[in-house]
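Spelled out from the first residue to the last, the chains are:
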Amino acid sequence: MSTHSATDPHPPTGLIFDIQAHSVHDGPGTRTTVFLNGCPFDCQWCCNPEGLYSRPVVMHRDQRCVHCGQCIQTCPKRAITIGPDGLESFDRRLCLDCSTHECIQACYHEGNVLSGKRYSVDQLVQILQRDRAFWGAGGGVTFSGGEPLLQRDFMLPLLRKCRQIRINTCAETTAALPSDYFMEAAAMLDWIFIDIKHMDPEAHRAMVGADNALTLKNVKLAASDLDCFVVIRVPVIPGFNDSEENIRATARFVRECGLEVINLLPFHRLSESKWRQIGRDYAFKEIPGLDKDQLGPHARWVREEGLTCYTGWETPF
């Protein structure tokens, strides 16, 4: 349990890289989606790669850069140089160790921006209360990321506060967290979406950077012990987890846990520019995105295993 009180002179803060109002695909009704930093996985197709970091990250936007050289001159780490192509090149190891970010302040064209800002529970709740008038019946807040539950000291008091003031809460999670904490946090949610990337632990580790043991364990616990609505999501990634064998194995596991719904999400490449902005290679740049209609066979495999299947942004709400 968190030991922080309302009068704590140093209340916990959470690192958040985006807050989006008027979201309609991340839970029932109209919602505010809060994207939190940090993740136990390193998925090579991640839609929000800036959220993989547990500290603020500099994003360099080539289309805004006028190559004035101001960031190079002001960088105290000497992390920015001109590469062989004549463009700015960032040593990301040095960037992540920087806390002053002079390159942001020096760029008047917003070619360099900092992703990640700290909020206290009260500051974030103030934003949610402002948005509340626009949610309508059934709306609320969805926590996404990154892994939204990773920042334990921030999320537990935040979820308690949301429950106290009756804000409907939802989380999109890997569930790859210590089980006692995961269940404590999840018990304060109204909806929870849990991603299952792959059923094979070695295939999972090869593409995600960790095995799936905690995720599968916590799916079983969530299915048996939570009162909230639990939906399993599978991001369908070509060449990784899209085989009939894996889709059916996932569906059987979900059914055996006592759950009834799988949501299949088609792979897309909308995050490709973000990977460039954080200075990382995008592993799927040669792989075409999938249309929702291309998931027809996958949905059929799920339904043949006795489950309800939604594809794309079709959802049970």
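Refer to the structure above for everything that follows.
Residues numbered from 1 in each chain as written. Predicted model: local features only at pLDDT ≥ 70, side-chain atom pairs only at ≥ 80, totals over all residues. Heavy atoms only, no water.

A. View of helix 9 (residues 244-256). The end-to-end C-alpha distance of helix 9 is 18 Å, a good match for the 18 Å that 13 residues give at a rise of 1.5 Å each. Among the residues of helix 9, N246, I247, R248, T250, A251, F253 and V254 are the ones counted as buried. Its buried side turned inward, helix 9 meets helix 8 (213-225), strand 11 (229-236), strand 12 (261-266) and helix 11 (296-304). A positive backbone phi angle near 95 degrees is found at G258, which sits one or two residues after helix 9. (Helix = DSSP H or I, 4+ residues; strand = E, 2+ residues; numbered from the N terminus. Expected span 1.5 Å × (residues − 1). Buried < 20%, exposed > 50% of the residue type's maximum accessible area, 1.4 Å probe, protein only. Contact = heavy atoms within 4.5 Å.)

B. The arrangement of the pattern of salt bridges in detail. Evaluated as defined, the whole model comprises 22 salt bridges. Measuring nitrogen to oxygen at the nearest pair gives 3.0 Å for the salt bridge that ties R248 to E305. Of the two residues, R248 is situated in helix 9 and E305 in the loop between helix 11 and strand 13 (308-311); the sequence distance between them amounts to 57 residues. Side by side, R248 and E305 carry an identical accessibility label, which is buried. (Salt bridge = Lys/Arg side-chain N within 4 Å of Asp/Glu carboxyl O.)

C. Here's a closer look at the packing of aromatic side chains. Applying the stated criterion to the full structure yields seven aromatic pairs. Seen in terms of ring centroids, F267 and F284 are 5.4 Å apart; in terms of plane orientation they differ by 50 degrees. Their pairing is tilted. Here F284 lies in the loop between helix 10 (272-277) and helix 11 and F267 lies in the loop between strand 12 and helix 10, a separation of 17 residues in the sequence. In this structure, R233 is placed above the aromatic ring of F193, and the distance from its NZ or CZ to the ring centre is 3.9 Å. (Phe/Tyr/Trp six-rings, centres within 6.5 Å; stacked < 30°, edge-to-face > 60°. Lys NZ or Arg CZ within 6 Å of the ring centre and 35° of its normal.)

D. Structural detail: the sheet that holds strand 12. Read across the open sheet, the nine strands follow the order 7-1-2-8-9-10-11-12-13; overall the sheet is mixed. Only two strands of the sheet have a single partner each, and these edge strands are strand 7 (117-120) and strand 13. Recorded for the sheet is a direction-independent mean angle of 30 degrees between the axes of neighbouring strands. Examined bridge by bridge, strand 1 (residues 13-23) and strand 7 share four bridges and lie antiparallel to one another. Bridge assignment links G14 to a residue of strand 7, and that residue is Y119. (Pairing = 2+ DSSP bridges. Axes fitted to C-alpha atoms, helices over the stretch in contact; angles between N-to-C directions.)

All we've got here are geometric facts, nothing functional implied.
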